[in-house]
Amino acid sequence: MLKPFFTLILLFSLQMASAQFPGGGGFGGGGSRDRNSQMPGMNPKPTEMLDEPARGNSRVSGNVVDSVSAKAVEYANVTLFDKKTNKMIDGAVADEKGKFVIKNLAAGDYKISVTFLGYKTATKDVTLAKKGAGSDVNIGDLALPQDIRLLNEVRVTGVASLIEEKVDRLVYNAEKDFTSKGGDAADVMRKVPMLSVDLDGNVSLRGSQNVRVLINNKPSTIVASSVADALKQIPADMIKTVEVITSPSAKYDAEGSAGIINIVTKKNTLQGLTLNVESSVGNRGSNLNLNGNYRRGNMGMSLGGFGRFNYNIIGKSETIQTAKLASGGAFITNQNSDSRNAGNFGNYNLGWDWDISKTSSVTASVRYGARNQLTVQDLSTRLNNNGVPLRSTLRHVDSKDLSGTWDVNVDYTKQLGKPQQEFSISTQFSRNNRNNNFLANLLDATNNTINSRERNDNLSYNQESTLQLDYQTPIGKRQLIEFGGKGIMRQISSDYQYLMAAGENGTFVINPNRPANVFDYNQNVVGSYFSYTLSTKSKYSVKVGARYEYTTISANFRTDKQVDIPDYGNLVPSINISKNLSGNLTLKAAYNRRLQRPSIQFLNPNLNAANPQSITFGNPNLAPELTDNFEVSVSKYLKTTYLNLTMFVRHTGNAIEAVRTTDDQGVIATTYQNIGQQDAYGVNLFGNVTIARVWQLGGGIDGFYAVLNGFANGQQLSNAGVVTNYRFFSNVTLGKGWGLQGFGFMRSGQVQLQGTQGGFGVYSLGVKRDFKNKKGSVGFGVENFFSESFKVRNSLDNANFTQNSTQFLFNRGVKMTFSYRIGKMSFEDTGRKKKKSVSNDDQKSEGGGTTEQGGGGRPAAGPR
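None of the values given here were measured: they were computed from a predicted structure. (Residues numbered from 1 in each chain as written. Predicted model: local features only at pLDDT ≥ 70, side-chain atom pairs only at ≥ 80, totals over all residues. Heavy atoms only, no water.)

**Brief notes about the overall build of the protein**
Right, on to step 1. Counting its secondary structure elements, the protein contains 6 helices and 44 strands.
Right, on to step 2. For the protein, buried positions account for 55% of its 864 residues.
Right, on to step 3. Relative to all contacts within the protein whose residues are 6 or more apart in sequence, the contacts with residues 24 or more apart total 70%. (Helix = DSSP H or I, 4+ residues; strand = E, 2+ residues; numbered from the N terminus. Buried < 20%, exposed > 50% of the residue type's maximum accessible area, 1.4 Å probe, protein only. Contact = heavy atoms within 4.5 Å.)

**Observations concerning the sheet that holds strand E2 (residues 77-82)**
Right, on to step 1. Here 4 strands make up an open sheet; going across it, the order is E3-E2-E5-E6 and the pairing antiparallel. The two strands at the open ends of the sheet, each matched to only one other strand, are strand E3 (88-93) and strand E6 (122-128). Strand after strand, the sheet turns through a mean of 25° between neighbouring axes, direction not considered.
Right, on to step 2. In this structure, E2 lies alongside E3, joined through 5 bridges in antiparallel fashion. Bridging from a neighbouring strand, Asn-77 pairs with Val-93 of E3. (Pairing = 2+ DSSP bridges. Axes fitted to C-alpha atoms, helices over the stretch in contact; angles between N-to-C directions.)

**A word on the environment of Leu-394**
Right, on to step 1. In this fold, Leu-394 is placed in strand E20 (residues 388-415).
Right, on to step 2. In sequence terms Leu-394 and Asp-444 are 50 residues apart; their C-alpha atoms lie 6.7 Å from each other.

**Quick notes on unusual backbone geometry**
Right, on to step 1. Of note in this structure, Asn-654 is not a glycine but carries a positive phi near 60°.
Right, on to step 2. For Asn-784, which is not a glycine, the phi torsion comes out positive at approximately 50°.
Right, on to step 3. In this structure, Asn-784 sits in the loop between strand E40 (776-783) and strand E41 (790-797).

**Description of the packing of aromatic side chains**
Right, on to step 1. Inspection of the entire model under this criterion finds 15 aromatic pairs.
Right, on to step 2. Each ring, one from Phe-771 and one from Phe-818, has its centre 6.4 Å from the other, and the planes form 50°; the classification is tilted. Residue Phe-771 is found in the loop between strand E39 (760-770) and E40, and its partner Phe-818 is found in strand E43 (residues 813-826); the two are separated by 47 residues along the sequence.
Right, on to step 3. On the accessibility criterion, Phe-771 (26% relative accessible area) is partly exposed.
Right, on to step 4. Under the relative-accessibility criterion, Phe-818 is labelled partly exposed at 34%.
Right, on to step 5. With a centroid separation of 6.0 Å and 50° between ring planes, the pair formed by Phe-771 and Tyr-820 is classed as tilted. On the criterion of sequence distance, the pair formed by Phe-771 in the loop between E39 and E40 and Tyr-820 in strand E43 is long-range, its members being 49 residues apart.
Right, on to step 6. Judged by its relative accessible area of 28%, Tyr-820 is partly exposed.
Right, on to step 7. Here a set of aromatic residues connected by ring pairs shows up, and it is made of Phe-519, Tyr-521 and Phe-557.
Right, on to step 8. Stacked on the ring of Phe-81, the Lys or Arg Lys-111 has its end atom at 5.8 Å from the ring centre.
Right, on to step 9. The residue whose ring lies beneath Arg-455 is Phe-508, and the NZ or CZ to ring-centre distance is 5.0 Å. (Phe/Tyr/Trp six-rings, centres within 6.5 Å; stacked < 30°, edge-to-face > 60°. Lys NZ or Arg CZ within 6 Å of the ring centre and 35° of its normal.)

**So, the pairing of strand E12 (residues 211-215)**
Right, on to step 1. The element E12 is largely enclosed, with a buried count of 5 among its 5 residues.
Right, on to step 2. Bridging between E12 and strand E14 (residues 259-265) involves 5 bridges; their strand directions are parallel. Its bridge partner lying in E14, Val-211 is registered against Gly-259.

**A word on the side chain of Glu-243**
Right, on to step 1. In this fold, Glu-243 is placed in strand E13 (residues 239-245).
Right, on to step 2. Taking the relative accessible area as the measure of exposure, Glu-243 reaches 12% and is therefore buried.

**Section: the pattern of salt bridges**
Between side chains of opposite charge, pairing is possible as soon as their charged atoms come close.
Right, on to step 1. Across all of its chains, the model carries 18 salt bridges by this definition.
Right, on to step 2. Among the salt bridges present, the one from Arg-59 reaches Asp-136, with a minimum N-O distance of 3.6 Å. In this pair, Arg-59 is assigned in strand E1 (residues 55-66) and Asp-136 in strand E7 (residues 136-144), connecting sequence segments 77 residues apart.
Right, on to step 3. One salt bridge in this structure joins Glu-464 and Arg-490, with 2.7 Å as the shortest N-O distance. Remark: Arg-490 occurs in strand E23 (residues 479-502) and Glu-464 occurs in strand E22 (residues 450-475); sequence separation between them is 26 residues. The same class applies to Glu-464 as to Arg-490, namely buried.
Right, on to step 4. Ionic contacts of the salt-bridge type, sharing partners, join the residues Arg-371, Asp-401 and Arg-434 into one network. (Salt bridge = Lys/Arg side-chain N within 4 Å of Asp/Glu carboxyl O.)

**Remarks on a nonpolar patch on the surface**
Right, on to step 1. A grouping of Leu-643, Leu-645, Met-647, Val-683, Leu-685, Ile-701, Tyr-726 and Met-746 is seen on the molecular surface, where their side chains present a nonpolar patch of about 660 Å² in accessible area.
Right, on to step 2. The biggest single contributor to the nonpolar patch is strand E32 (residues 641-662), with 3 residues.
Right, on to step 3. Checked against the element boundaries, Leu-643 lands in strand E32. (Patch = residues over 30% accessible without salt bridge, like charges linked within 9 Å, V, L, I, M, F, W, Y side chains within 5 Å. Areas by Shrake-Rupley, 256 points an atom, 1.4 Å probe, with all protein chains shown as cover.)

**Regarding the confidence of the model for the protein**
Right, on to step 1. Confidence in the prediction for the protein averages 79 pLDDT; 81% of positions are at 70 or higher.
Right, on to step 2. Note on residues 148-160: pLDDT is under 50 here. Beyond four places in sequence and across chains, it has 27 contacts.
Right, on to step 3. In this model, residues 825-834 is a region of pLDDT below 50 whose contacts with residues beyond four sequence positions or in other chains number 32 contacts. (pLDDT = per-residue confidence, 0-100.)

**Considerations on the pairing of strand E18 (residues 330-354)**
Right, on to step 1. Across 24 bridges, the pairing between strand E17 (residues 299-324) and E18 is antiparallel. For Ser-317, the partnering residue across the bridge sits in E18 and is Ser-337.
Right, on to step 2. A loop of 5 residues connects E17 with E18, the two strands running antiparallel in sequence, and Gly-328 in this loop sits at a positive phi of about 105°.
Right, on to step 3. Summarising the sheet, E18 and strand E19 (residues 360-385) pair through 24 bridges and their orientation is antiparallel. Paired with Gly-346 across the two strands is Ala-370, which belongs to E19.
Right, on to step 4. The antiparallel pairing of E18 with E19 creates a hairpin that spans 5 residues between the two strands.

**Side note on the environment of Gln-421**
Right, on to step 1. Looking at where Gln-421 falls in the secondary structure, it is placed in the loop between E20 and strand E21 (422-443).
Right, on to step 2. Its relative accessible area of 12% is what places Gln-421 among the buried residues.
Right, on to step 3. Along the backbone, Gln-421 and Leu-480 are 59 residues apart, and their C-alpha atoms lie at a distance of 9.0 Å.
Right, on to step 4. Setting aside residues up to four positions removed in sequence, Gln-421 forms contacts with Lys-414, Gln-415, Leu-416, Tyr-471, Gln-472, Thr-473 and Pro-474.
Right, on to step 5. A polar atom in the side chain of Gln-421 sits 3.4 Å from the side chain of Thr-473. (Polar contact = N/O pair within 3.5 Å; in protein donor to acceptor, adjacent residues only side chain to side chain.)

Following this line, the structure appears as structure tokens:
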């Protein structure tokens, strides 16, 4: 199965060998514009990379407007050429008002070229005179004439692109999607191609749970503990983009075997003072989001707060499990549960940034996230041994899962002598404190009086301290090298105990029949990397690199023993190759090795017995997983249609799998072991088409064949099957500020080592009306409105037991949304540089779900 991938990579290498490799000069050319960015609607022709031009203290500015309506053209691409040599000197991107500024120019004669999709190219000559204080030239309005041919294909003021395809990642522009307003990050991720979010908020990529989620390129201990919990703390309204990186370069941490997901929140780089207010009210949840920004000159501050309240979250389930006894009989357990969930989530942040000079900057931020999840469950159990009824029980369980997370970051970036030559220092401190407890009352089934009470207390924390150094420099016209080092110090602790009510007054005392201890787990990771990038005249792009990480671990139970976990080192190579062909066709091939360290959710030895017939506990002796990823893709722009096809192979060894056993009382115990091998062979197909200039249809299908093998408890375990996912997205611009969006998704059953997880479908519809001044909007949305609930059927099966369960989910929802921006911002180019930050993408965490996907929208075409 791997042969086609090696063959394709070999063909790329042979063509590379025959290509002409230019030398000399600098990589990219300087300027205020980030060369890696791609703005919606742009499709500029490639420009040859040149030596760094002479610099001065002059500048040129202007406004880009539509030649017919005289309205501003947002995000137009502005390029400055030397008039004599026709060489590119610098460039910029117009802001939302069509304004642009290009600074630090030497005196001379230049030509300005402005391009944007749907318009013809406009040019204007400009002369910067030699003056002691520099020349400041404002060319005024530069009118772009409409290109009638292109306008027949794409309406410039119509539907904005929802998806961008970049060299090493796919970008979903969440700010263009208003059906998710009033929701959280999980609602956004459901619409991102290749991602999956199950009904509990757990995320996976191409069917793998081993993903690393970053927030603004930064990790957080709340993400390390539970991705699902972290997503509930991020309001959908504040998400700008979601980046999916399936083949990370060596610069990224080695962990995250399926890939990396980076959530980029909205930021403000304009001058002035604003306050954004966003809120929603619905039958299942409400939220309020306030964010203020102030920027003057080279310094800016932001302060924000978000609160979300969930209510009316109802659940039901039915379970039948049969334990096969050694005597040949069967122990049958029938369970029915009704649950009510409520919770509140908060996210509060303070940010500060300072451009010390044109070449250096510092940023700092403090974030606090709070999560309070409350669950009440009534659980009835009927036990049967070989057809003889034993007893019936009724259990009332109150669960509290409370946590608070602090993230503190300080980062410094220094631009050096050449464009794209820079050095950065990034630091981070992150700590998550968690209190996960339950109180269970065992009731008399006839009169509901309390017979006994049991309590489980589990206090834990997860702390990380990180220092990271990075350096990059261009070599020649088309080459770039990057290298750096990183150290992560982690301290994890779990204090757990079981208590039972004793005596007439019901005082809680330690339960001697349940485990109680304090587990300490310290992990230190030291890593270094080297990466090399080459871009050729023949439109090849190659990025190769390697990263080495060494991990040391010390772990112990305070009242018992020390856990002997050996240190280990890992070398993880990566290679990414792309080729731009004629006819807007792009080919890509990639290989990378990744690893996945277990997080506290897999290590925590606390016994969760909220349901005494189905208990769960972690395994402190888990080792990391190792994964090899291969992929090839082809993408094509055809008039108003965009299509992308990706084929991938993923092999995971030493896989962490859930292992289940049963006893003669029918109790199923679940823990985790490194017993498995996982192989996946799959295809992702997605795209979109624009109809009648105002209607965008998008969607896709994903499928892969999963093969799972493992050996546990003296048994050889295996399972295999096909998993498919379907998604659909529609976006209609109705004019006068009105918009309509719809989304639908369907997922087939998922293959597990000891069973299957049932499929499901979700859908939503939303309408939005922008205010005339463009400062706000109101909206209305509905979700899963055709039925009150739907069912998800799961099954487990091995030589010792079978379990079949049905989960009833009540996800019908309706909501109203409102947003408004107070204040006014103005554009002023202060030469702000892209900030660096810590990115710990290395732990296997709770929250890898299935393969739910969605989204649509044509990717913005970037530089070729």
